[in-house]
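# Residue-level structure breakdown
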Amino acid sequence: QVQLAESGGGLVQPGGSLTLSCAASGSIFSISSMAWYRQAPGNQRELVATITGTDSTEYADPVKGRFTVSRDNAKNTVSLQMNSLKPDDTAVYYCNADVRRRPDGPFFRYWGQGTQVTVSS
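In what follows, the accompanying structure is described. Since the structure is predicted, the reported quantities are computational estimates derived from the model, not experimental observations. (Residues numbered from 1 in each chain as written. Predicted model: local features only at pLDDT ≥ 70, side-chain atom pairs only at ≥ 80, totals over all residues. Heavy atoms only, no water.)

With 5 bridges connecting them, strand β4 (residues 30-39) and strand β5 (residues 46-51) associate as antiparallel partners. Bridge assignment links Arg 38 to a residue of β5, and that residue is Glu 46. Counting the residues between successive antiparallel strands, the hairpin from β4 to β5 contains 6 residues, one of them, Gly 42, with a positive phi of roughly 80 degrees. Sheet topology note: the β5/strand β6 (residues 57-59) ladder contains 3 bridges and is antiparallel. Looking across to β6, one finds that Ile 51 is bridged to Thr 57. Where β5 folds back on β6, the antiparallel hairpin that results is connected by 5 residues, among which Asp 55 adopts a positive phi of roughly 70 degrees. (Pairing = 2+ DSSP bridges. Helix = DSSP H or I, 4+ residues; strand = E, 2+ residues; numbered from the N terminus.)

Here you go:
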């Protein structure tokens, strides 16, 4: 089995910064893309940022220029550096990873349980 665990959420004032981390563990042969999503109360889950196995990144328009996604392939981790946070960034943040569990196997997408980020004064 594969598990993803997020950490780093919390309460921060508007304009502040926060870094989220996500570690994948278990039966992992390789990971291709990793991503961060978020879901605010009453809203659908939305994509925040993605990073491929070759470190190509994409960001949702609301976070461009403020958030940075990065990964450590040796540790199977992905991080999200969030700067200039706004109240609209308040949400539960989830990471996912497309994991291959054996050399000839398919990729499956696994999700973490989420971590709460609250931006408020």
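Having seen the model, we can carry on.
So, about the side chain of Asn 96. Within the secondary structure, Asn 96 is located in strand β9 (residues 91-100). Those residues in contact with Asn 96 that sit more than four places away from it in its chain are Leu 4, Ser 33, Met 34, Ala 35, Tyr 37, Arg 109, Tyr 110 and Trp 111. (Contact = heavy atoms within 4.5 Å.)

Moving on, we come to the packing of aromatic side chains. Counting across every chain of the model gives 1 aromatic pair. When the centroid spacing of 5.0 Å and the interplanar angle of 65 degrees are considered together, the rings of Tyr 37 and Trp 111 count as edge-to-face. Placement of Tyr 37 in strand β4 and of Trp 111 in strand β10 (residues 107-111) is noted, with a sequence separation of 74 residues between them. Tyr 37 sits in the buried class, given a relative accessible area of 18%. Positioned above the aromatic ring of Tyr 94, the side-chain terminus of Arg 45 is 3.7 Å from the ring centre. The residue whose ring lies beneath Arg 45 is Trp 111, and the NZ or CZ to ring-centre distance is 4.8 Å. (Phe/Tyr/Trp six-rings, centres within 6.5 Å; stacked < 30°, edge-to-face > 60°. Buried < 20%, exposed > 50% of the residue type's maximum accessible area, 1.4 Å probe, protein only. Lys NZ or Arg CZ within 6 Å of the ring centre and 35° of its normal.)

With antiparallel pairing, 4 strands are arranged side by side in an open sheet as β1-β3-β8-β7. The sheet is open, and its two borders are formed by β1 (2-7) and β7 (67-72), each paired with just one other strand. Each strand of the sheet is rotated relative to its neighbour by a mean of 15 degrees, with strand direction disregarded. Pairing of strand β3 (residues 18-26) with strand β8 (residues 77-82) involves 6 bridges; the strand directions are antiparallel. If you follow Ser 21 over to β8, its bridge partner there is Ser 79. (Axes fitted to C-alpha atoms, helices over the stretch in contact; angles between N-to-C directions.)

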